[in-house]
Amino acid sequence: ICMIIWIIMEFYFSAFIVGLTSVILIIISSKNKLDNIHSLSGEENKSAFVIREGNEIEIKAELIVPGDIVVLKPMGEDGQIYIPCDGIILEGFCTVNESDLTGENTLVLKKEIILPKNKNEYFDYLKHKSSFLFQGTKIDSLYSSQNKDELIKMLATDTGFNTYRGNMLKNW
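Now for a description of the structure that goes with this document. What you are looking at is a predicted structure, and each value in this text was computed from that prediction instead of being measured.

With that out of the way, let us pick up the pattern of salt bridges. Counted according to the given criterion, the structure contains three salt bridges. A salt bridge links Glu56 to Lys73; its shortest N-O distance comes to 2.6 Å. Highlighted residues: Glu56 in strand 2 (residues 55–60) and Lys73 in the loop between strand 3 (69–72) and strand 4 (86–91), separated in sequence by 17 residues. Note that Lys110 is salt-bridged to Glu98, the shortest N-O span being 3.2 Å. A residue pair is termed long-range when its members are at least 10 positions apart, and Lys110 in strand 6 (residues 107–111) and Glu98 in the loop between strand 5 (93–97) and helix 3 (99–102) qualify at twelve residues. Of the two residues examined, Lys110 and Glu98, each falls in the buried class.

In structure tokens form, the structure reads like this:
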């Protein structure tokens, strides 16, 4: 409103300077907020193992796409097990601390999905939530159902800001 009055009163230069300053401050603020959200998502400089065309390869976590088979195993110097995306456990089971999402500091048992015998039955989160892992949660311990070399395999369902945690950050 102030700028409109200045333009009517022919203070063009003042209106231009205030308008330009406002635009610059909005751009800087938006960039800072976006940088903060990316740092909270925790995906930068992380890698993950995926199975593509029958081969296990290591890629940047941000390159995972829905449909990839992700192999979860301890990584890094601290041996932390990082869940890079939302997904369904295909092999193995684990205990997960979901306190970042729920606020409850209790371990939750997650196990491999039991595939339906009826081909007309689809994935239902409420029915299969014990087989669903969320990006950014912490695995306390994990166990393989097949062998010790391949600990847990999960099917990536959502990545980036489409994950449960990503939606929380977007709405923040």
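Read across the sheet, six strands follow the order 2-1-3-9-4-7 without closing on themselves; strand pairing throughout is antiparallel. Two strands lie at the open edges of the sheet, namely strand 2 and strand 7 (132–133), each paired on one side alone. Pairing geometry for strand 4 and strand 9 (residues 152–158), over five bridges, is antiparallel. Bridging across to strand 9, Glu91 finds its partner in Lys153.

What counts, and where the lines are drawn
- Residues numbered from 1 in each chain as written.
- Predicted model: local features only at pLDDT ≥ 70, side-chain atom pairs only at ≥ 80, totals over all residues.
- Heavy atoms only, no water.
- Salt bridge = Lys/Arg side-chain N within 4 Å of Asp/Glu carboxyl O.
- Helix = DSSP H or I, 4+ residues; strand = E, 2+ residues; numbered from the N terminus.
- Buried < 20%, exposed > 50% of the residue type's maximum accessible area, 1.4 Å probe, protein only.
- Pairing = 2+ DSSP bridges.

Remember that the coordinates give geometry; whether it matters functionally is a separate question.
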